[in-house]
Amino acid sequence: MATLSTPPVSLPRHPNTTTTTVNNDLLSLIDQCTNTKQLQQVHARMLRTGLFFDPYSSSKLITASALSSFSSLDYARRVFDQIPQPNLYTWNTLIRGYASSSEPSQSIVVFLEMLYRGCELPNKFTYPFVIKAASELKDLLIGTGFHGMVIKSSLGSDVFILNSLIHFYGSCGDLDLAYRVFLNIPKKDLVSWNSMITAFVQGNYPNKVFEMFREMELENVKPNDITMLGVLSACAKKVDIEFGRWVCSYIERNEIRVNLTLNNAMLDMYVKCGSIEDAKRLFDNMQEKDVVSWTTMLDGYAQLEKYDEAHRVFEAMPCQDIAAWNVLISSYEQNGKPKEALATFRKLQTSKTAKPDEVTLVSTLSSCAQLGAIDLGRWIHVYIKKQGIKMNCHLTTSLIDMYAKCGELEEALEVFNSVERKDVFNWSAMIAGLAMHGRGRAALDLFSRMLEAKVKPNAVTFTNILCACSHTGLVDEGRNLFHQMEPIYGVVPGLKHYTCMVDILGRSGHLKEAMQFIEEMPIAPNASVWGALLASCRLHGNVELAEKACSQLLELDPKNHGAYVLLSNIYAKSGKWDQVSGLRKFMRDSGLKKEPGCSLIEVNGIIHEFLVGDNSHPLSKEIYSKLDEVATRLKSVGYAPNESHLLQLVEEEGMKEHALNLHSEKLAIAYGLIGMGPSQPIRVVKNLRVCGDCHSFAKLISRLYEREILLRDRYRFHHFKEGHCSCMDFW
DNA sequence: GTAGGGTTAG
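Residues numbered from 1 in each chain as written. Chains lettered and ligands numbered in written order. Predicted model: local features only at pLDDT ≥ 70, side-chain atom pairs only at ≥ 80, totals over all residues. Heavy atoms only, no water.

A. Examining the protein's contact with DNA strand B more closely. By nearness alone, 42 residues border DNA strand B, and Tyr-89, Arg-96, Asn-163, Asp-189 and Asn-194 come closest of all. Of all atoms in DNA strand B that approach within 4 Å of the protein, 39% are sugar or phosphate atoms. The separation between a base nitrogen of DNA strand B and a polar side-chain atom of Asn-224 is 2.6 Å. Looking at the surface near DNA strand B, the element that brings in the most residues is helix H11 (residues 190–202), giving six residues. (Near = heavy atom within 4 Å. Polar contact = N/O pair within 3.5 Å; in protein donor to acceptor, adjacent residues only side chain to side chain. Helix = DSSP H or I, 4+ residues; strand = E, 2+ residues; numbered from the N terminus.)

B. Up close: the domain arrangement of chain A. Parsing chain A into structural domains produces domain 1 (494–594) and domain 2 (599–725). Taken over C-alpha atoms, the centre of domain 1 sits 27 Å from the centre of domain 2. (Domains from an automatic or database assignment.)

C. Highlighting the packing of aromatic side chains. Applying the stated rule across the entire model yields 27 aromatic pairs. Aromatic side chains Phe-210 and Phe-243 sit 4.7 Å apart centroid to centroid with 75° between the ring planes, which places their arrangement in the edge-to-face category. Linking Phe-210 in helix H12 (residues 206–218) with Phe-243 in helix H14 (residues 241–253), this pair joins segments that are 33 residues apart in sequence. For the pair shown, Phe-210 and Phe-243 are each scored as buried. The rings of Tyr-179, Phe-182, Trp-193, Phe-200 and Tyr-205 are connected pair by pair, giving a single aromatic cluster. Against the face of Phe-416 rests Lys-422, its NZ or CZ located 5.1 Å from the ring centre. (Phe/Tyr/Trp six-rings, centres within 6.5 Å; stacked < 30°, edge-to-face > 60°. Buried < 20%, exposed > 50% of the residue type's maximum accessible area, 1.4 Å probe, protein only. Lys NZ or Arg CZ within 6 Å of the ring centre and 35° of its normal.)

D. A look at the pairing of strand E1 (residues 598–603). In terms of burial, E1 is a largely internal element, six of the six residues being buried. Relative to strand E2 (residues 606–611), E1 runs antiparallel, the two being bridged by six bridges. Following the sheet pairing, Leu-600 is matched in E2 by Glu-609. From the end of E1 to the start of E2, which pair antiparallel, there are two residues, and Asn-604 there has a positive phi angle of about 50°. Two strands pair when backbone bridges link them, and E1 and strand E3 (residues 682–686) are joined in this way by three bridges, in the antiparallel orientation. Residue pairing in the sheet places Leu-600 in a bridge with Val-685 of E3. (Pairing = 2+ DSSP bridges.)

E. Representation of the layout of surface pockets within the structure. Reported here for the second largest pocket is a volume of approximately 760 Å³. Lining of the second largest pocket is provided by 15 residues; of these, Lys-138, Cys-172, Asp-423, Val-424 and Phe-425 occupy positions nearest its centre. Here the residues of the lining of the second largest pocket are counted per class, giving seven nonpolar, two polar and six charged. (1 Å grid on protein atoms, 1.4 Å probe; cavity = no way out; pocket = protein on both sides within 12 Å on 5 of 7 lines; lining within 4 Å. Points joined across faces, edges and corners; volume = space filled by probe spheres on them. Nonpolar A, V, L, I, M, F, W, Y, C, P; charged D, E, K, R; others polar.)

F. How the structure looks around helix H10 (residues 175–183). If you check which residues of H10 are buried, you get Leu-175, Ala-178, Val-181 and Phe-182. The buried side chains of H10 occupy one side of the element, clustering within an arc of 120° when seen end-on. Projecting away from the buried face of H10 at angles above 90 degrees are the exposed residues Asp-176 and Arg-180. Considering only its buried residues, H10 is in contact with helix H8 (140–152), helix H9 (159–171), H11 and H12. (Arc of directions from axis to C-beta. Contact = heavy atoms within 4.5 Å.)

G. Molecular detail of the nonpolar core. Of all hydrophobic cores here, the largest spans 205 residues; its most connected members are Leu-232, Leu-298, Met-402, Met-430, Leu-533 and Leu-534. Each of domain 1 (494–594) and domain 2 (599–725) accounts for three or more of the residues forming this core. Excluding residues that lie within four positions of it along the chain, Met-402 makes contacts with Leu-365, Cys-368, Ala-369, Ile-374, Gly-377 and Arg-378. By size, the runner-up hydrophobic cluster in this structure holds 31 residues, among which are Val-603, Ile-701, Tyr-705 and Phe-720. (Core = buried A, V, L, I, M, F, W, Y, C linked by side-chain atoms within 4.5 Å.)

Written out as structure tokens, the structure reads:
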């Protein structure tokens, strides 16, 4: 490695020229350097000739080491430390270098060092750099401090500084402050408008963006490509294709310079608005395309679940970087195809064309959570640690969610406790985890701790905490929290919260109050709200209210199979067989199909899937004889299948008992008994709600076979142990 | 000799 004493062998010598020429040549050599080594050689020469101690020259060296394409800030800092009396320009260069580096906090450290040494005072160039650093750090306190200093040093009307403050407040999510700065700029320029528009885009206020755009027109400020990027992004967020198309023609009419980035933004707008045709037309006409253009097209097809097309794009891309893989994996995960997501993840691993990043792992963990695939989930956790992948809040939230949904509440808590700066998503995921395991009190305690930690709950937090109340029958607590949402926490209750409240009230038998609650809703109830009431009516056998809820539900969602099922269960429970068969006939005639019950079980890292009455499994024979054996043992302890849980889908009475035997969760449990060691808990994930019969079945198995069973259904966990269930039979 | 606004995946 070259040191300062290494002779600069590769540099041309100029023995016959004057000192000035040598110096000028040296300085111009700085611009020609393409790596740090060359720069070090120039540096060494400058030290020998004494040129280094000329402030202008040493600053040039700092600029090159801090801002060039091969920049090394460590080196820049070492150069800086050799300068006996750095001037303001030199300080600014170093501050600027750090501001856009991976360590923006260093920018502020250097700034404070400068103040502390007391030789130089910051000027109008210094502030945009440190404010940028504060934006990168999203540190409201520090940035606000700079804002104060700017005003005190009477730089408060400098448009460059004010524009960077808009950007800063915007990236901290404080749009009010950003807008206040904007309004107070005496002479706004285009960048002021653009900064404000971008802040509104990032804060997810597309309407405000449109408002600003109109105002610009009124004030005769001509937009440029950056403005249009913001406006297009707002169209994408609003899913407003009409306006989006208009914006594209506006760009054309007003001869706004269209570069690759702007084309990509148009593509993205078309894709987000669901018009793959427009996107394709533009894409085909684009002279220049980059990886973003390709990834955006890929995303367009994947979002629409046109996977054949998506794969064609994927294969045709010039390079399949991790973003492309992530598009595929996350679209599978979000479109309810977790198995395909995991298969794609495995392909990524074998292809080795790209390295999984946090986004990949978040989607993959979420797929594991959906499937209950604890083995792969754990493997990813280890992978993250081994690869030294930086844990961010997205990742820790996914891990918490994965462990909780795979039944490992303790491990979820372990991850949660290890997070130093917990964000609202970490807290919400943990509350949801406790809720689904029926630990309502613990969820409420955690919510209090969250408030103590000064983390502001959001709409999701409230859905989760209300859910916790409903699973544990905490009626008063739920009611109180619901009423505090808006006045105390500023979260306007949405349909999900109303649904939870109806569930809390109805499930605990307060059917009248639940009905009244719905009638007093300020927003129109949707199918879920009525569905929650209907489910409660089933639980408490209220036929009259059930019919009402059902008719409302079907008015909103005529194809809701669940409504017919619930109603027919209610009729069956009260012995109204005529109505039951009438409903059945109607369902048959209108071609309504029940979503087939399906259970998953992971054995030795492989996911096995069972449908009702499934006999496609290679070990099907063994599974059924296991079930027979279980049935005999259970009968001997007095278990009789509860036929009222059987939906009246089986014609012959004698078939009922048999049909109950075929529920997918029973098949999965039987397979677990065969395939898993006696000390391993049997983990089953079911897509529908577990029926009462299977619930008693699982309880008895846990006692007779001394096996723990973790059954996750559509709504929650049932943890069977020694003949009891964690839900205390309240579900 | 120094400055501010930007497109893809969660």
